[in-house]
Amino acid sequence: RRAISFKESSIQIKMKLAIFTALVASAAAFTPQPTFSRGSVAMFNEKLGAGGMADTRDPEEYQDEDPRKSISAAPSFEEYLKQRQN
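In this text, all values refer to a predicted model and were calculated from it rather than measured experimentally.

Draft legend 1. The overall build of the protein, seen in detail. For the protein, the helix and strand inventory stands at three helices and zero strands. Its helices and strands taken in sequence order, the protein reads α-α-α from the N to the C terminus. Taking all 86 residues of the protein together, 0% fall into the buried category. Taken as a whole, the protein presents about 8,600 Å² of accessible surface, with 60% of it coming from carbon and sulfur.

Draft legend 2. Region of interest: a nonpolar patch on the surface. Residues Leu17, Phe20 and Val24 make up a contiguous nonpolar surface patch of roughly 310 Å² in combined accessible area. Here Leu17 lies in helix H1 (residues 6-28). The exposed category is assigned to Leu17, whose relative accessible area is 53%.

Draft legend 3. Broad picture of the pattern of salt bridges. What the rule picks out here adds up to one salt bridge. Close ionic contact of Arg68 with Asp66 constitutes a salt bridge, the shortest N to O distance being 3.1 Å.

Cut-offs applied
Residues numbered from 1 in each chain as written. Predicted model: local features only at pLDDT ≥ 70, side-chain atom pairs only at ≥ 80, totals over all residues. Heavy atoms only, no water. Helix = DSSP H or I, 4+ residues; strand = E, 2+ residues; numbered from the N terminus. Buried < 20%, exposed > 50% of the residue type's maximum accessible area, 1.4 Å probe, protein only. Areas by Shrake-Rupley, 256 points an atom, 1.4 Å probe, with all protein chains shown as cover. Patch = residues over 30% accessible without salt bridge, like charges linked within 9 Å, V, L, I, M, F, W, Y side chains within 5 Å. Salt bridge = Lys/Arg side-chain N within 4 Å of Asp/Glu carboxyl O.

Spelled out as structure tokens, the structure:
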């Protein structure tokens, strides 16, 4: 049997470490991911739309001193359809 040099044993250790790392990384890919709880959304939003989803726009007009924070009035559905036809 031939003696293994320090360089060869170092290469063997690195190869074993690389294989071990690849196995751990591939196993981590199959672990279940944490699920998102919709209950936390309902807790912070007062208005829920159809299907329990939180509304992203308040249709009420809001005027603030800073015009960037103001919300213009939402168009009616008929106005929206007219805009789409043009």
